[in-house]
Amino acid sequence: MALLLALTTSVTAQTETAPSDVAVAKIKRGPVTNLPLPRYVSLKASKANVRRGPSRTHRIDWVFTRKSMPLQITAEYGHWRRVRDIDGAGGWVHYSLLSGVRTVIIQTDMLPLAVRPTEGTPTTAHLELGVIAKLEECTLDWCRLNAGGYKGWVQKTSLWGVSAEEIRD
């Protein structure tokens, strides 16, 4: 019996997961899409009903009316996604009204759009507070945006619609 116990503890010690495996295992996945939760998407339609629950029988609490607005998906149920906006307002939206095209909202007024992802580089434009821009790529601290035909880099901390640790190529 002592030998069996020793073998069991030895096998257990060998099957422990590596730290990187633990980090991957902690990512919450949506039960429908198997995509990470939470994640960011954008509003495909210019009008989207936001419901109290995940079906058409649930009451409409309000309507999103800003096409391309970034939203964060926090849950999934069938064809429905629970989302929240920059203000934290949320509810359930049918998945057909959402797009995988990534956008962000500018959170700093007159944010300089830099030529390169470095402090002190020339700027191509200044973006006003609340502007929605298309997200192109991100490093650890900077993101490249396309806003109204102007392209450039901004610091990630001035954006809503991208997570702090997200890197995009």
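Scroll up to find the structure this text is about.
Residues numbered from 1 in each chain as written. Predicted model: local features only at pLDDT ≥ 70, side-chain atom pairs only at ≥ 80, totals over all residues. Heavy atoms only, no water.

Trainee: I'd love a proper account of the packing of aromatic side chains, names of residues and values included.
Mentor: Under the counting rule described, the total for this entry stands at one aromatic pair. With 5.3 Å between their ring centres and 90° between their planes, Tyr 40 and Trp 160 make a pair best called edge-to-face. With Tyr 40 in strand β3 (residues 39–43) and Trp 160 in strand β16 (residues 159–160), the pair connects residues that are 120 residues apart, well separated along the chain. For Trp 160, a relative accessible area of 9% puts it in the buried group. (Phe/Tyr/Trp six-rings, centres within 6.5 Å; stacked < 30°, edge-to-face > 60°. Helix = DSSP H or I, 4+ residues; strand = E, 2+ residues; numbered from the N terminus. Buried < 20%, exposed > 50% of the residue type's maximum accessible area, 1.4 Å probe, protein only.)

Trainee: So what's going on with the state of the cysteines? Residues and values would help.
Mentor: If you walk through the whole model with that rule in mind, you get one disulfide. Disulfide pairing is shown between Cys 138 and Cys 143; the S-S distance is 2.2 Å. Between Cys 138 and Cys 143 the disulfide shows an S-S torsion of about 105°. By sign, it is right-handed. By the burial criterion, Cys 138 is buried, and Cys 143 matches it. (Disulfide = S-S within 2.5 Å.)

Trainee: Any details on the nonpolar core? Residues and values, ideally.
Mentor: Among the nonpolar cores identified, the biggest contains 15 residues, and Val 104, Leu 127, Leu 135, Cys 143, Leu 145, Leu 159 and Val 162 are the most heavily contacted of them. Listed by contribution, the elements that provide at least two residues to this core are β10 (103–106), β11 (111–114), β12 (123–127), β13 (132–138) and β14 (142–147). Formed by 13 residues, the second largest nonpolar core is a distinct cluster that contains Leu 37, Val 41, Val 83 and Val 93. (Core = buried A, V, L, I, M, F, W, Y, C linked by side-chain atoms within 4.5 Å.)

Trainee: I'd love a proper account of the side chain of Ser 99, names of residues and values included.
Mentor: Tracing the sequence through the fold places Ser 99 in strand β9 (residues 98–99). At a separation of 3.0 Å, a polar atom in the side chain of Ser 99 contacts the main-chain amide nitrogen of Val 101. Excluding anything up to four places from it in sequence, Ser 99 contacts Val 41, Ser 42 and Lys 44. (Polar contact = N/O pair within 3.5 Å; in protein donor to acceptor, adjacent residues only side chain to side chain. Contact = heavy atoms within 4.5 Å.)

Trainee: So what's going on with unusual backbone geometry? Residues and values would help.
Mentor: Cis geometry is found at the peptide bond from Leu 37 to Pro 38, where omega equals -10°. Topologically, Pro 38 is positioned in the loop between β2 (36–37) and β3. In this structure, Ser 68 takes a positive phi of about 75° despite not being glycine. Its place among the elements puts Ser 68 in the loop between β5 (60–64) and β6 (70–77). For Ser 68, a relative accessible area of 29% corresponds to the partly exposed category. Phi at Met 110 is positive, roughly 55°, even though this residue is not glycine. Along the polypeptide, Met 110 turns up in the loop between β10 and β11.

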